[in-house]
Amino acid sequence: MAGYGVCLAGIVNRELLRFVQQKERFLSALVRPLVWLFIFAAGFRSVLGVSIIPPYETYVLYEVYVTPGLAVMIQLFNGMQSSLSMVYDREVGSMRVLLTSPFPRWYLLLSKLVAGVVVSLAQVYVFLAIARLWEVEMPPVGYLAALPAFILTGLMLGSIGLVISSMIRQLENFASVMNFVIFPMFFASSALYPLWRVRDASETLYMVCMINPFTHAVELVRNALYGVFEPVSFAVVLGTTIVFFALAVVAYDPGRGIMGRRGGPKGEAA
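Per chain, the residues get numbers from 1 upward, laid out in the order the sequence is written. Where local features are concerned, this predicted model is filtered to residues with pLDDT of at least 70; where side-chain atom pairs are given and counted, the filter is 80 or more; whole-chain, interface and lining totals use all residues. Note that water and hydrogens are dropped before the side-chain values are worked out from all heavy atoms of the structure.

- An unreviewed UniProt entry annotates the chain as Transport permease protein of Xanthobacter oligotrophicus.
- Within the UniProt record for the chain, the comment given under Sequence similarities (unreviewed entry) is "Belongs to the ABC-2 integral membrane protein family." UniProt positions are given in the numbering used here, feature names are shortened, and annotations may be inferred rather than shown by experiment.

Description of the nonpolar core
When a protein is soluble and globular, its nonpolar side chains tend to lie buried together.
And step 1. Take the buried Ala, Val, Leu, Ile, Met, Phe, Trp, Tyr and Cys residues and link them wherever side-chain atoms come within 4.5 Å; each set so joined is a nonpolar core. Residue exposure (1.4 Å probe, protein chains only): buried if accessible area is under 20% of the type maximum, exposed if over 50%, otherwise partly exposed. Formed by 62 residues in total, the largest nonpolar core has its most connected members in Leu76, Met80, Phe127, Phe150, Phe186 and Phe214.
And step 2. Mapped by element, the contributors of at least two residues to this core are α2 (23-43), α3 (62-92), α5 (105-133), α7 (147-167), α9 (182-187), α12 (213-224) and α13 (231-251).
And step 3. Of the residues forming this core, the biggest block, 13 residues, is contributed by α3.
And step 4. Beyond its immediate chain neighbours, meaning those up to four positions away, Phe127 contacts Leu30, Pro33, Leu34, Leu37, Thr67, Leu70, Ala71 and Ile74. Counting from the N terminus, the helices are the DSSP runs of H or I reaching at least four residues and the strands are the DSSP runs of E reaching at least two. It only takes one pair of heavy atoms within 4.5 Å for two residues to be counted as in contact.

As for the packing of α7 against α12
Axes are the key here: two packed helices are described by the angle between their axes and the distance separating the axes.
And step 1. Helix axes use the C-alpha atoms of the stretch in contact, all axes being lines fitted to C-alpha atoms, and the angles between their N-to-C directions lie in the range 0 to 180 degrees. Relative to each other, α7 and α12 sit at 165°, their axes nearing to 9 Å. In terms of their interaxial angle, α7 and α12 are classed as roughly antiparallel. Here the hand of the crossing between α7 and α12 comes out left-handed. Of the residues in α12, those in contact with Ala149, Phe150, Leu152, Thr153, Met156 and Leu157 of α7 are Pro213, Phe214, Ala217, Leu220, Val221 and Ala224.
And step 2. Looking at side-chain class alone, the contact of α7 with α12 contains 11 nonpolar, one polar and no charged residues. These descriptions rest on fixed angle ranges, namely under 35 degrees for roughly parallel, over 145 for roughly antiparallel, 65 to 115 for roughly perpendicular, and the rest for oblique. Left-handed describes a crossing whose near helix is turned anticlockwise from the far helix through less than a right angle; right-handed describes the clockwise counterpart. Note on residue classes: Ala, Val, Leu, Ile, Met, Phe, Trp, Tyr, Cys and Pro are nonpolar, Asp, Glu, Lys and Arg are charged, and everything else, Gly too, is polar.

Thoughts on the environment of Ile151
And step 1. By secondary structure assignment, the location of Ile151 is in helix α7.
And step 2. Through-space distance from the C-alpha of Ile151 to that of Val221 is 9.9 Å; in sequence the pair is 70 residues apart.

Quick look at the confidence of the model for the chain
And step 1. For the chain, per-residue confidence averages 81 on the pLDDT scale, and 82% of positions sit at 70 or higher.
And step 2. By mean pLDDT, helix α14 (residues 258-261) is the weakest element of the chain at 49, and α12 is the strongest at 95.
And step 3. The score called pLDDT rates the predictor's confidence residue by residue, from a low of 0 to a high of 100. In the model, residues 265-270 has pLDDT below 50 throughout and makes 15 contacts with residues more than four positions away in sequence or in other chains.

Points about the packing of aromatic side chains
And step 1. Think of it this way: a Phe, Tyr or Trp ring, Trp meaning its six-membered ring, pairs with another when their centres are within 6.5 Å, and the plane angle makes it stacked under 30 degrees, edge-to-face over 60, tilted otherwise. As enumerated under the stated definition, the model contains nine aromatic pairs in all.
And step 2. On the basis of an interplanar angle of 70° and a centroid distance of 6.0 Å, the ring pair of Trp36 and Phe186 is categorised as edge-to-face. Of the two residues, Trp36 is situated in helix α2 and Phe186 in helix α9; the sequence distance between them amounts to 150 residues.
And step 3. Taken together, a centroid distance of 4.3 Å and an interplanar angle of 40° make the contact between Phe38 and Trp134 tilted. Placement of Phe38 in helix α2 and of Trp134 in the loop between α5 and α6 (140-145) is noted, with a sequence separation of 96 residues between them.
And step 4. On the basis of relative accessible area, Phe38 is assigned to the partly exposed category, the value being 29%.

Dropping the structure here:
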């Protein structure tokens, strides 16, 4: 067990060091949601005010509504960024060192996920602190209550990123693939607008939003920030995490998965 702990600590420490050394990564992670919060949300405050819907007990300003979705957006981009690092590590060969360790492949991938979640949590809570200075206030206990929700959503988005990274052979192809993942997941969700508004506009789009796991990640966090547990969203996020993590373990198995059939990193963990 001590060895497993050392392995986990080493992978998390490596990811944190990479994060600290790449300050532009931290700033870029905050710029996207802050632009939405300070400019877009402020501009549409009077037009897109939100009526009384759970978990809100009164009318809320638009920037209050979008803040949970923007926080989860940080985790979405971080999960994809972590999967990008997997593609990069595979190309330069450091993945070979990781996968030839005596620890089970599932544990190595889980450690990589945990490391990515730790980094995303730092970004999320800095964003929430800035949002609070912008008078986007939530119940103080909600910031602590939302921590398990953020951890679970981070694991889900990281697992999706792992599966995607297993399908990409070259680093140059990553950006184009991400455009077909990040933006549809983000915009076809409840991050920017209530689902009842989407349903009024299009029943088909509403159904797409309902089957989108990112929608349930946002709703899980949104409710948790107000001290409310959302069982349906929790079940969807947990189930999606388990399914995609299992797919990632199979995909990174050189004997069975996509990595092995494509020849990389073949034989590295035999």
